[in-house]
Amino acid sequence: VNCVRFHPSNVDMVILGGLSQEIRVLHVSTGRRVASLNLAAAVSALEVSLSSRMVVCGDADGIVHLLTCNSHTGALLRHRKVNPPRPSPVAGLQTAAWNGVSSGPVVLVGRRDGSVELLSLPHSLPTSRTLQTLSRSKGLAKVAHLQLPPLPLSFPVLLCPTLVAEQKNVFIVWTQEDGCVHIFDICAPGSPPLVSLQNHTVPVSSASWNCIDSLLITADIDGKLVAWTRDCTI
């Protein structure tokens, strides 16, 4: 198993994916599989949109799939997919309920080759095939794209949450092999990093914002943790 998430509206249901090339839905209380959906490659990343109750997954070929999962039956329904410019595993996904550029929900996609895309999400999608036939909702349209240096690890690319909602820019956290952590504006391709954070000497393996977006914590493969404030002080 490479990734697992709770169902966005059913706490007794989890959605998971891995090397078996399928998305599976399990009941937490019984451990019973209730649904599955086969993909053409191993599932490398998985995220749910709490605002629109959709499931977004990325595979080892770099394809991003947009799904829904019925909250009662667990049935999975595939709506559309986006192929990458060139095959490269999806290293990380992150959804946001609102973005000033697209005026709606988005998903950030980071691939191992350094390709970063911001894709729009529909506000809602049907969870049955009958309604899917009638639906004209669209999603996964490209909002912005940025080409960065390849990732040294499967580092989960991060949105800067408060800035995403407030401005017409989209700022992301990215790492490089030398341990530097950079903040880029995905809407300004070709521009240098807005901020470069230098305190790690080995590759950074994980990062996370706190609940009020005032602190960023980064961790490297040697076990070192660094907490950064919004003004980039340690």
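Residues numbered from 1 in each chain as written. Predicted model: local features only at pLDDT ≥ 70, side-chain atom pairs only at ≥ 80, totals over all residues. Heavy atoms only, no water.

A. Expanded view of the sheet that holds strand S15 (residues 181-185). The four strands lie next to each other as S13-S14-S15-S16, forming an open sheet whose pairing is antiparallel. The outermost strands of the open sheet, each flanked by one partner alone, are strand S13 (158-159) and strand S16 (195-197). As defined by bridge partners, S15 adjoins S16 across three bridges and the pair is classed as antiparallel. Opposite Ile183, over in S16, you have Val195 as the bridge partner. (Pairing = 2+ DSSP bridges. Helix = DSSP H or I, 4+ residues; strand = E, 2+ residues; numbered from the N terminus.)

B. Focus on the pairing of S15. In terms of burial, S15 is largely enclosed, as five of its five residues are buried. On S15, burial covers both faces: Val181, Ile183 and Asp185 on one face and His182 and Phe184 on the other are all buried. With five bridges connecting them, strand S14 (residues 171-175) and S15 associate as antiparallel partners. Across the sheet, Thr175 pairs through a bridge with Val181, a residue of S15. A loop of five residues connects S14 with S15, the two strands running antiparallel in sequence, and Gly179 in this loop sits at a positive phi of about 95 degrees. (Buried < 20%, exposed > 50% of the residue type's maximum accessible area, 1.4 Å probe, protein only.)

C. Quick peek at the environment of His145. On the secondary structure map, His145 appears in strand S12 (residues 142-147). Judged by its relative accessible area of 27%, His145 falls in the partly exposed class. As a C-alpha pair, His145 and Glu117 span 28 residues in sequence and 4.5 Å in three-dimensional space. If near-sequence neighbours (up to four positions away) are discounted, His145 is found in contact with Ser115, Val116, Glu117, Ile186 and Pro189. Within the structure, the side chain of His145 is placed 3.3 Å from the side chain of Ser115, a separation counted as a polar contact. (Contact = heavy atoms within 4.5 Å. Polar contact = N/O pair within 3.5 Å; in protein donor to acceptor, adjacent residues only side chain to side chain.)

D. Up close: the pattern of salt bridges. Within the structure shown, the criterion is met by six salt bridges. Glu47 serves as the salt-bridge partner of Arg5, at 3.4 Å between the closest nitrogen and oxygen. Within this pair, whereas Arg5 is found in strand S1 (residues 3-6), its partner Glu47 is found in strand S5 (residues 43-49), the two being separated by 42 residues in sequence. Taking relative accessible area as the criterion, Arg5 reaches 31% and is therefore assigned partly exposed. Among the ionic pairs, Arg24 bridges to Glu22, the shortest N-O distance being 3.7 Å. The exposure class assigned to Glu22 is buried, which follows from its relative accessible area of 11%. Each of Glu22, Arg24 and Arg33 takes part in one network of salt bridges that share partners. (Salt bridge = Lys/Arg side-chain N within 4 Å of Asp/Glu carboxyl O.)

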